[in-house]
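# Results of the structural survey
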Amino acid sequence: MACRVLLVDDEPNVLKSLKRVLVRTGYHVVTASSGVEALEILKSNQIELIITDFRMPQMNGADLLRQVKNNWPDCVNLVLSGYADFKSVVELLNQGLVFRFLEKPWIDSELLENISEAQMKYEQRRAKRVREQLLIASMSALVEIDNNGIIIRCNAPAATIIPDIHLYENKHLANLDAMHDKSVSQSFVDKQSSALFINYANTSDLTKSEEVMIERCLSDDFCQLLKLSTHTKSVSNCFQLSSAQSVVTNESDFYHHLTLSEANKEYFALVCVDIAQFQLINDLLGPEDGSYLIKLVLKVLKGVSDKPVKILHKSADRFVVCVPDIKSDSEILIDLNKAMDELSKILPSKYTDAQVRLYGVYGLFPEDNLEGKELVNQMQLTMNYQAGEQQRIFSRFDPELVADYKKNFELSRLLLTAASKNEMSLRFQPKIDTKTGQVFSAEVLIRWYEPKKHGWVAPDHFIPIAECDGQIIAIGRWVISQSCKTLKYWADNHIGVRALAINLSARQLKDDPEWIDYMLECLTINGLESSQLMFELTETYLIDDFSACEQQLVRLRELGFKLLIDDFGVGYSSLGYLSKLPVDGVKLDKSLITNIESSLAMQSMVRNITRMSHDLNLKVIAEGVETAFQCELIKKLGCDYIQGYYYCKPLEQDDFCRYLDHLNSQGVQ
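The present account deals with the structure reproduced in this document. All values derive from a computational prediction rather than experimental measurement.

Of the regular secondary structure elements, the protein chain holds 22 helices and 26 strands. Evaluated residue by residue, the protein chain yields a buried proportion of 52% over its 669 residues. Partitioning the contacts of the protein chain with sequence separation of at least 6, the portion at a separation of at least 24 is 65%. Put simply, the protein chain shows about 31000 Å² of open surface, and 49% of that area lies on carbon and sulfur atoms.

The next point concerns helix 20 (residues 600–615). With 16 residues, helix 20 should reach 22 Å at 1.5 Å per residue; the first-to-last C-alpha distance of 23 Å fits that figure. For helix 20, the set of buried residues is Q603, V606, I609, T610 and S613. The buried residues of helix 20 occupy an angular sector of 130° when the element is viewed end-on, so they sit on one face. Exposed and facing more than 90 degrees away from the buried side of helix 20 are L600, A601 and D615. Residues of helix 20 that are buried sit in contact with strand 23 (562–568), strand 24 (585–588), helix 19 (590–594), strand 25 (619–623) and helix 21 (628–636). Of the residues flanking the end of helix 20, it is N617, one or two places downstream, whose phi is positive at about 60°.

Another aspect to go through is the packing of helix 13 (residues 399–418) against helix 14 (residues 459–469). Where helix 13 contacts helix 14, the axes come no closer than 10 Å and their chain directions differ by 70°. Between helix 13 and helix 14, the angle falls in the class roughly perpendicular. Each of K407, N408, L411, S412 and L415 in helix 13 lies in contact with helix 14, whose residues at this interface are H461, F462, I465, A466 and D469.

Another aspect to go through is the packing of helix 14 against helix 15 (residues 471–492). One way to put it is that helix 14 packs onto helix 15 with a least axis distance of 6 Å and a crossing angle of 115°. Judged by residue contacts, I463, I465, A466, E467 and D469 of helix 14 engage Q471, I472 and I475 from helix 15.

In this structure, the second largest pocket spans a volume of roughly 1100 Å³. Lining the second largest pocket we find 39 residues, and of these E443, L445, I463, N503 and D566 sit closest to its centre. When contributions to the lining of the second largest pocket are tallied by element, the ones reaching two or more residues are strand 19 (439–450), helix 14, helix 15, strand 21 (499–503), helix 16 (506–511), strand 22 (533–538), strand 23 and helix 19. Tallied by class, the residues present in the lining of the second largest pocket amount to 18 nonpolar, 10 polar and 11 charged.

Following the sequence through the fold, S261 ends up in helix 8 (residues 251–263). Accessibility expressed as a relative area gives 4% for S261, which makes it buried. Once you skip the residues sitting within four places of it in the chain, S261 turns out to touch E266 and F268.

Moving on to the pattern of salt bridges. Summed over the entire model, instances satisfying the criterion amount to 31 salt bridges. Where R129 meets D74, a salt bridge forms, and the shortest distance between an N and an O atom there is 2.4 Å. In this pair, R129 is assigned in helix 5 (residues 108–137) and D74 in the loop between helix 3 (61–71) and strand 4 (76–81), connecting sequence segments 55 residues apart. The class for R129 is partly exposed, based on a relative accessible area of 33%. For E144, the salt bridge identified is with R153, shortest N-O distance 2.3 Å. By relative accessible area, which is 2% here, E144 ends up buried.

This part covers the sheet that holds strand 2 (residues 28–32). With parallel pairing, the five strands of this open sheet are ordered in space as 2-1-3-4-5. Lying at the two open borders of the sheet, with one neighbouring strand each, are strand 2 and strand 5 (100–103). On average, each strand axis in the sheet is tilted by 20° relative to the strand beside it, whichever way the strands run. For strand 1 (residues 4–8) and strand 3 (residues 49–52), the ladder comprises four bridges, and the chain directions are parallel. Note that in strand 3 the partner of V8 across the bridge is T52. Running at roughly 135° to strand 2, helix 2 (residues 35–44) makes contact with strand 1, strand 2 and strand 3 of the sheet.

The rules behind these values
Residues numbered from 1 in each chain as written. Predicted model: local features only at pLDDT ≥ 70, side-chain atom pairs only at ≥ 80, totals over all residues. Heavy atoms only, no water. Helix = DSSP H or I, 4+ residues; strand = E, 2+ residues; numbered from the N terminus. Buried < 20%, exposed > 50% of the residue type's maximum accessible area, 1.4 Å probe, protein only. Contact = heavy atoms within 4.5 Å. Areas by Shrake-Rupley, 256 points an atom, 1.4 Å probe, with all protein chains shown as cover. Expected span 1.5 Å × (residues − 1). Arc of directions from axis to C-beta. Axes fitted to C-alpha atoms, helices over the stretch in contact; angles between N-to-C directions. Parallel < 35°, antiparallel > 145°, perpendicular 65-115°, else oblique. 1 Å grid on protein atoms, 1.4 Å probe; cavity = no way out; pocket = protein on both sides within 12 Å on 5 of 7 lines; lining within 4 Å. Points joined across faces, edges and corners; volume = space filled by probe spheres on them. Nonpolar A, V, L, I, M, F, W, Y, C, P; charged D, E, K, R; others polar. Salt bridge = Lys/Arg side-chain N within 4 Å of Asp/Glu carboxyl O. Pairing = 2+ DSSP bridges.

Next comes the structure, spelled out in structure tokens:
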């Protein structure tokens, strides 16, 4: 997309000349003849660069740029004026309000060179703001590094994984690794590998270390954001085994062995092995018994094959084993099952209640088409997934799982700029009044089309990612802004729908304290009332986290906004708390409607929910209605509104308006 430049000057000839130069070079240009007009343009347009005259009637360039700084801080501002104004502009330069001062009359080549540098400044400023947003909002542990691998800053969750990480700021990423292998870390920084596994050494307690997985979360032209994760707890280095030359080896020698095996085109299996619930075992029995258990595991791993194996002790309870001459799944699984049987035979009785067992992921070379080190990295990604899912088996490395994992990472990165790049769009699904058949409100639903690679991404795929990594805050603001613009358009064109329901994220309430003020500003700009927006929150959220956001919810009600409980009936299925919540209605979950035709129990539940809701002066919306029989039954059971594919799927704005013309002329069907 072309860079968007706003030209501000009270001389029409200057504007024409400037616009001609910039348009010819490929810029998208908007012009304003005064500071007041420029501010109005900024309210409704995405602008990257502003080039303004200094001396103008009503509002001079200094007053304009101070307002720009407060309301559109990413904009990069240049002043194009006579030399006599230079001294006045110096103060603005010192305050950071102006990027460059350009003198009239200008030389085209110099002008374009300065604009190009300003565009780079905008990209740098915007990228920094995106990283800041993610660092603040993400629940993931994130570390920011420059493109040389120097740690710049981190967020609070990162300190839960590496407690003294602040001590490593302005140092190379390799310093986090107890091995201090800068070549491996630099290879990751240079984007030659997708993941980095380090043994973090706690500087406050050098007897402790743990394995940390580092993945690239975001990369731009200036910096990288890295995600830290671990599935092991800090465990004493006494668990780190001393090397036995033929079996246990260090990381460098282990990967050198793999390289030689690959070069000689040898068949082998790589197995990542973990001890299930090792930390719990260590806590229950003590570090001496934990150390003894590791030695027993090493003993059985040594004997996993009749041929010599190589073992890398990655962390306290994780090993990587290279087993030679393995060509099939059955061969390695037979060997691993024998190892587990052997472990159960030699375990002392005191370990019985701890239910000690091994689990892990294996891969085959050359069948898996990955070199040894990358195969180990990707197997560990699968291992971390298994740990999260509480799986305790030996399974084959799953490239599709790793691909999905990486895809989610990529989508998380792309979501950061999806709204600003106009990749997001809204759909509208009407809520039908069961008594009149008319439509006075609708639900707003968001859609995302990523043009370069992924195409349409399902909302139930990208919204959880945005919730986790924090992009949902910016996306939520975008939805509010666009919804207000839509309501104004409908009002100006007498469409008839006066209210929109927006799904409200819990993260919006918790982590964006200024979003209500932002929303009020959107209402004011578009001449709307607060009663025209309804917010839908899930039942589980309202019960679990109500106390955390009660102040914001109460403020919303006091300001005149309406609140609905979404997906009602699937969580607590209890009506006793309805009178205690500051809500105006309930929206029945789709699962209550799906089988309502054949289930008397579902019909009774919907009837009871509706009756009690009405006793509390709450409206009831049934969503997911897909058949004529469901529709008639819902009406008989007393629901106030119907939403679902029986009437129509979510529609783009033009199709929605055409649908309304047809429906409101027909009435209830």
